[in-house]
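The chain contents come next:
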Amino acid sequence: MTEAPRELAPLDPAVGEYLLAFADDEHMMGQQHTEWIGVAPFLEEDLAFASIAQDELGHAAALYAIVAGDSSDATIDALAFGRSPRGYRSCQLVEASLPAWEDTLIRHWCYDLAEAARWQLLVSSSNADIANLAVRALREEHFHIRHCDALLDTLLKDPDASRRLAGALERQLPLLESIWAPVAGETETIAASIASAPIESCRLEWQSTIEARFGRQQWSPQAPTARTLRHPDFAALHARINEVLLIDPDAVW
Amino acid sequence: MTIYEVFLKPAGRQEFRHAGALDAATDELALVSARECYVRRGEGDHLWVVRRDNIIDAGSEFVAPNADKPHRHHSGEAVAARRRSLREQALTEADDDD
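Residues numbered from 1 in each chain as written. Chains lettered and ligands numbered in written order. Predicted model: local features only at pLDDT ≥ 70, side-chain atom pairs only at ≥ 80, totals over all residues.

A. How the structure looks around the environment of Leu169 of chain A. Residues and elements named next belong to chain A. When you line up the elements, Leu169 lands in helix 7 (residues 159-177). The exposure class assigned to Leu169 is buried, which follows from the 22 C-beta atoms found within 10 Å. For the pair Leu169 and Asn127, spaced 42 residues apart in sequence, the C-alpha to C-alpha distance is 36 Å. The contacts of Leu169, once residues within four sequence positions are left out, are Ile106 and Phe214. (Helix = DSSP H or I, 4+ residues; strand = E, 2+ residues; numbered from the N terminus. Buried ≥ 20, exposed ≤ 12 C-beta atoms within 10 Å, placed from the backbone. Contact = placed C-beta atoms within 7 Å.)

Structural data, given as structure tokens:
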């Protein structure tokens, strides 16, 4: 059931910046998952990925509404689609096109582990809209991770699949770590008791969870790529997400 | 891969109903796939997945002969007519007693 549009409490612009980075990550991750519709390795995964994509897009829409202070479709669309590439704050992990299924599966698992950790920082938020959304999102992420864990449990028993997944993880390590790129507005967001800790504080546990499955990894000593720098694949992604909208920007759906 | 049959129970005092089937490598994958494929709009408040191999299938020949037994069907009309007749008769007798 679609909720009626409503006005939301105005936010400190710094907090808006912080939430915008999360919203952009969710938007691009959801979009990447939707692009597996019809081409995933088997039908059940095809549908599961589409369903998980809808959850991530739902999180993005809810965050955009909080950032904009208005939950109408027009406002959310303007923020989600109407910015130039330089205006986005997504990490490069969610902007990269990954045509190999093993790369996508590793991204899905690692992203959702980090995503759940980020929502956990918001569950006790002083802003009720954000806290309620975090509780709802965490409930969904529990099942996303369970879905991915079940797939990995099965695939890692197969030597060929195991080798491909380990290779995908190794290949993507610097890209995966871009999710921990600093987020503008974090200091103000913590000072306002909207987030309980810096997202960087979740990074070690995330690395430990990955290593518990795949063994020791050579984590990059370099700082993650900044959220102001777009991945080379972003321009094409941005064009795809706007393709239908630009046919008739004033159309009412 | 194993074929699983999926059953959902809609909310309230409804019975489990067959929703479809899926392929999965393990029971856990069958559950999580069924959740994403069949209940993503809250179509049920309970979910069963059953390995198709665990269903005892009688086969169509087992029940086919029972499809040709018209004497086991009734519309209830004869019983309803007799009850109506007895009711009317009882009313008439009551009027006569007055």
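We are not done yet, so read on.
B. Quick peek at the sheet that holds strand 1 (residues 2-9) of chain B. All names here are of chain B. What the three strands build is an open sheet, ordered 2-1-3; its pairing is antiparallel. Strands at the two margins of the open sheet, each flanked by one partner only, are strand 2 (17-24) and strand 3 (46-51). Ignoring which end each strand starts from, the neighbouring axes of this sheet average 30° apart. For strand 1 and strand 3, the ladder comprises six bridges, and the chain directions are antiparallel. Across the sheet, the residue bridging to Val6 is Val49, located in strand 3. Sheet strands touched by helix 1 (residues 27-38): strand 1, strand 2 and strand 3. Its angle to strand 2, the strand with the most contacts, is close to 125°. (Pairing = 2+ DSSP bridges. Axes fitted to C-alpha atoms, helices over the stretch in contact; angles between N-to-C directions.)

C. Structural context of unusual backbone geometry. Residue and element names in this part refer to chain A. Backbone geometry at Ser193 places phi at a positive 60°, although glycine is not the residue there. Mapping Ser193 onto the fold places it in the loop between helix 8 (186-191) and helix 9 (203-214). Note on Ser193: 11 C-beta atoms within 10 Å, which makes it exposed.

Scope: geometric values only; no functional claims are made or implied.
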